[in-house]
Amino acid sequence: MRLEAPPLDTLGFSEGAVLTEWFEAWFDEDYALLYSHRDEEEARVAVGRALRVAPELQEGPVLDLACGAGRHLEILRRANPLAFGLDLSRTLLGMAPGGLRPWLLRGDMRRLPVKAGVLSGICLWFTPFGYFSDEENRALLLDLGGLLRHQGVLVMDYVNVELLARTLIPEDTVEHSGIRVRSLRSIEGDRLVKRMELTRLATGEAREVLESVRLYPPRELQEMAVRAGLRLRRVMGTYAGASFTEDSPRWIGVFEKAW
Ligand SMILES: C[S@@+](CC[C@H](N)C(=O)[O-])C[C@H]1O[C@@H](n2cnc3c(N)ncnc32)[C@H](O)[C@@H]1O
């Protein structure tokens, strides 16, 4: 399988459309700078472990969903030349290594241009789940289940919701890469809401950005996954594959398509 270049901008976007949703506005150069510690080395460890727990990722079409600048995809493609990525952010896709370009699609994960039952695997690295309304999140997981072939795998790298709630820092200010970031964090209903004011130290230029992620406890995620035809194979608490505990930084569920 080869995606025809140029694949970016092809998936039903109207140029000049007004940006309304937080996830359309935030994943840009500032995000890339402030999250630069989420790097290739972390991705190498995560993909290496995922390949051992889910060897299905080595064969057939595998989608790195919300792949960002492709840090996981680049490593996965060394094991699987049919792996490809999709992301909404033109900026992050533009930062991906040039060799990945034929394997990148720009699009919205709620409208995936993939036929049912064809994927060997889907990976959602670093929490790209929970961005939409509860109804849309559930519909997305159902769709993802439908795209997998029998015994295909889904890797869901999500936050440890309970730890996050227990250790939430309501407010802080840090300086990073020439940007001062004042963050206000709160749990509003069942969502983690993070409001950030970013100020460029060199110019004083400021902007506000938002993150709003629906927090699903593991049990709820698993119930949703079962409805999507997915069976939990393994839960890990770190990218290196440690068992999940209440203090684990991540909740990484590896599911397989049961029917
Ligand atoms: C926290 S980042 C993770 C990126 C990447 N997986 C990584 O680990 O570096 C979340 C990603 O989700 C993408 N995203 C947000 N909303 C999306 C949507 N509706 N459809 C596709 N991608 C989306 C963002 O552009 C961003 O790249």
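Treat the numbers as computed from the prediction; the structure is a model and nothing was measured.

1. A look at the environment of Leu112
For step 1, the next point in the chain: When you line up the elements, Leu112 lands in the loop between strand S3 (104–106) and strand S4 (119–124).
For step 2, the next point in the chain: Among the residues examined, Leu112 registers 20 C-beta atoms within 10 Å and is labelled buried.
For step 3, the next point in the chain: Here the alpha-carbon distance between Leu112 and Asp157, two residues 45 residues apart in the chain, equals 19 Å.

2. So, the nonpolar core
For step 1, the next point in the chain: The biggest cluster of nonpolar side chains holds 59 residues, and the ones touching the most others in it are Leu63, Leu65, Ile122, Leu124, Leu154 and Val155.
For step 2, the next point in the chain: In terms of residue count, strand S5 (residues 148–159) provides more of this core than any other element does, 7 residues in total.
For step 3, the next point in the chain: Contacts of Leu63, omitting those with residues within four sequence positions, involve Phe84, Leu86, Val114, Leu119 and Ile122.

3. Observations regarding the domain arrangement of the protein chain
For step 1, the next point in the chain: Per the domain assignment, the segments of the protein chain are domain 1 (22–160 + 217–257) and domain 2 (163–212).
For step 2, the next point in the chain: Between the C-alpha centres of domain 1 and domain 2 the distance comes to 24 Å.
For step 3, the next point in the chain: Elements that contribute at least two residues to the side of domain 1 that touches domain 2 include exactly helix H1 (22–25) and helix H2 (29–34).
For step 4, the next point in the chain: At 3 residues, H2 tops the list of elements feeding residues into the side of domain 1 that touches domain 2.
For step 5, the next point in the chain: Grouping the amino acids of the side of domain 1 that touches domain 2 by side-chain chemistry returns 6 nonpolar, 3 polar and 3 charged.

4. Some remarks on the site of the ligand
For step 1, the next point in the chain: Near the ligand there are 18 residues, and of these Phe27, Ala66, Gly68, Ser89 and Phe126 occur at the shortest range.
For step 2, the next point in the chain: Across the shell around the ligand, the residue classes tally to 11 nonpolar, 3 polar and 4 charged.

5. Brief notes about unusual backbone geometry
For step 1, the next point in the chain: Phi is positive for Thr127, close to 65°, though the residue is something other than glycine.
For step 2, the next point in the chain: Looking at Thr127, the number of C-beta atoms within 10 Å reads 17, which means it is partly exposed.
For step 3, the next point in the chain: With a phi close to 50°, Ser177 is a non-glycine residue in the positive phi region.
For step 4, the next point in the chain: The topology assignment puts Ser177 in the loop between strand S6 (171–176) and strand S7 (179–188).
For step 5, the next point in the chain: By C-beta crowding, Ser177 is classed as exposed, having 12 other C-beta atoms within 10 Å.

6. Things to note about the sheet that holds S6
For step 1, the next point in the chain: Taken in spatial order, the 4 strands make up an open sheet running S6-S7-S8-S9, and their pairing is antiparallel. The outermost strands of the open sheet, each flanked by one partner alone, are S6 and strand S9 (206–214). Across the sheet, the axes of successive neighbouring strands diverge by a mean angle of 20°, strand direction being ignored.
For step 2, the next point in the chain: Examined bridge by bridge, strand S8 (residues 191–200) and S9 share 9 bridges and lie antiparallel to one another. Residue Val193 lies in a different strand from S9, and its bridge partner there is Ser212.

7. Quick look at helix H6 (residues 134–147)
An α-helical turn contains 3.6 residues, so any two residues separated by three or four positions project in the same direction.
For step 1, the next point in the chain: With 14 residues, H6 ought to run about 20 Å at 1.5 Å a step, and its terminal C-alpha atoms sit 20 Å apart, in line with that.
For step 2, the next point in the chain: Those residues of H6 not exposed but buried are Leu140, Leu141, Leu144, Gly145 and Leu147. Buried residues along H6 cover an arc of 165° about the axis, so they all sit on one side.
For step 3, the next point in the chain: Where H6 is buried, its residues contact S4, S5, helix H8 (218–227), strand S10 (230–236) and strand S11 (250–257).

What counts, and where the lines are drawn
Residues numbered from 1 in each chain as written. Predicted model: local features only at pLDDT ≥ 70, side-chain atom pairs only at ≥ 80, totals over all residues. Helix = DSSP H or I, 4+ residues; strand = E, 2+ residues; numbered from the N terminus. Buried ≥ 20, exposed ≤ 12 C-beta atoms within 10 Å, placed from the backbone. Core = buried A, V, L, I, M, F, W, Y, C linked by C-beta atoms within 7 Å. Contact = placed C-beta atoms within 7 Å. Domains from an automatic or database assignment. Nonpolar A, V, L, I, M, F, W, Y, C, P; charged D, E, K, R; others polar. Near = placed C-beta within 6 Å. Pairing = 2+ DSSP bridges. Axes fitted to C-alpha atoms, helices over the stretch in contact; angles between N-to-C directions. Expected span 1.5 Å × (residues − 1). Arc of directions from axis to C-beta.

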